[in-house]
Amino acid sequence: MNKFIISESEKQRILNMHKSSSSRHYLSEATMAPEPVFGSKPIEFGALFPEGGSTLPTLGKAEVVTYMKDVLKSSLPTIIKFIDSGTLPKFITISVGTSSTGTPEENRIEAQERIEAGIKIIELAFTELGKETGEVVSQEYIQQFLSNNANYSYQPTKLAKIFDRTKSKSKPEERFIVFKVSPIKTMGKEWKQISGISDDIETAISSFFGKYVDVSEEGVANAICMCETYSDIEDLNTELEKLGGLQHVINRAITDGLTAMGSDTKERIKIAGCLNKAANKSGKGDVADIAGDKLTITGI
């Protein structure tokens, strides 16, 4: 009877590979998940208050409520998914202004009332959205949303101090309320997708002669550019720890000067751009920077 016999060292190597793969899988399944990100360019809209008032004209108010409802509609699935996670970004800003007719103290009070009017607009928009979808967001969660996911700002009159506020003509455009909304959506790779990107990178840096000998710089760049969010960057870094991490792999693969296929500079720039685009979607700002022939990634 023929038996398939392997050495003890080979058996141990296979067992270690299995244990490493399993632990990585369970860790990744627990930590890798989509996240809320900014989905498109900010949208701004608003209206003007009457002089000395904090109540918008009926027509203007209705238009703003409708516009807010439509903007919130696209973000609602992500709001529902992440409202209790603590990861929803602040994606709405209410800005108000006051003109020169009131005293500084009167304008401060007026500004607060106008911000509260803006909050009412958002509450009404959620109510109208509920009528449209048949699912009404509770007041409890609206208040949580307004506390955690909205910003508020006040712009007092720009009338110079040398002018008499009681005699100078007020400017209607200073009595504004503006809503700035950055729609959010759910993005991010699952474990299998991150693992696939890691495999693509390993393929790009490997050849018959070994790793980093005949690198496909374009392949490395294209794989990294599949990252959609900052958490994708973190997860890919974890997947590449056995090779020294993402930053190490990039700087080994994307070398300075000229290669057989030409300069690597464009691939390095492309990678930095893709990493920063993904990080910005998560509200992290730029994380990749280039200094000479090296790329650095902040935070990983």
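Residues numbered from 1 in each chain as written. Predicted model: local features only at pLDDT ≥ 70, side-chain atom pairs only at ≥ 80, totals over all residues. Heavy atoms only, no water.

On a plain count of helices and strands, the chain comes out with 9 helices and 12 strands. Counting across all 300 residues of the chain, residues that qualify as buried make up 40%. For the chain, the proportion of contacts with a sequence separation of at least 24, taken over those separated by at least 6, is 76%. Accessible area for the chain stands at about 17100 Å²; split by element, carbon and sulfur atoms hold 54% of it. (Helix = DSSP H or I, 4+ residues; strand = E, 2+ residues; numbered from the N terminus. Buried < 20%, exposed > 50% of the residue type's maximum accessible area, 1.4 Å probe, protein only. Contact = heavy atoms within 4.5 Å. Areas by Shrake-Rupley, 256 points an atom, 1.4 Å probe, with all protein chains shown as cover.)

With that out of the way, let us pick up unusual backbone geometry. Phi is positive for Tyr-212, which is not a glycine, with a value near 65°. Among the secondary structure elements, Tyr-212 is positioned in the loop between strand 8 (210-211) and helix 6 (217-224). The exposure class of Tyr-212 is buried, given its relative accessible area of 17%.

Here we come to the state of the cysteines. This structure, assessed with the given rule, holds 1 disulfide. Sulfur of Cys-227: no disulfide; nearest cysteine sulfur belongs to Cys-225 and is 8.4 Å away. Under the relative-accessibility criterion, Cys-227 is labelled buried at 7%. (Disulfide = S-S within 2.5 Å.)

Summed over all chains, the structure comprises 5 aromatic pairs. With centroids separated by 5.5 Å and ring planes inclined at 85°, the aromatic side chains of Phe-126 and Phe-145 adopt a geometry described as edge-to-face. In this pair, Phe-126 sits in helix 3 (residues 104-133) while Phe-145 sits in helix 4 (residues 139-148), placing the two residues 19 residues apart along the sequence. Phe-145 shares its class with Phe-126; the two are buried. Pairwise contacts between aromatic rings join Phe-45, Tyr-67 and Phe-179 into one cluster. (Phe/Tyr/Trp six-rings, centres within 6.5 Å; stacked < 30°, edge-to-face > 60°.)

Now for helix 3. Helix length check: helix 3 (30 residues) gives 44 Å between terminal C-alpha atoms against 44 Å at 1.5 Å per residue, within 8%. Where helix 3 terminates, the next one or two residues include Gly-134, which has phi positive at roughly 85°. (Expected span 1.5 Å × (residues − 1).)

On to the packing of helix 2 (residues 58-82) against helix 3, then. The contact between helix 2 and helix 3 brings their axes to 8 Å, and the two run at 65°. You can see that helix 2 and helix 3 cross each other, and the crossing is right-handed. Here Lys-61, Val-64, Val-65, Met-68, Lys-69, Leu-72, Lys-73 and Leu-76 of helix 2 come into contact with helix 3, specifically with Ile-121, Ile-122, Leu-124, Ala-125, Phe-126, Glu-128, Leu-129 and Glu-132. Its residues assigned to classes, the contact of helix 2 with helix 3 comprises 11 nonpolar, no polar and 5 charged. (Axes fitted to C-alpha atoms, helices over the stretch in contact; angles between N-to-C directions. Left-handed = near helix turned anticlockwise from the far one by under 90°. Nonpolar A, V, L, I, M, F, W, Y, C, P; charged D, E, K, R; others polar.)

All right, on to the sheet that holds strand 3 (residues 92-97) then. As summarised here, the arrangement of the 4 strands in space is 2-5-3-4, forming an open sheet in which the pairing is mixed. A single partner strand is all that each edge strand has here, and the edge strands are strand 2 (43-48) and strand 4 (150-155). On average, each strand axis in the sheet is inclined to that of its neighbour by 15°, with strand direction left out of account. Judged from the 6 bridges that link them, strand 3 and strand 4 form a sheet pairing that is parallel. Directly across from Ile-94, in strand 4, lies its bridge partner Tyr-152. (Pairing = 2+ DSSP bridges.)

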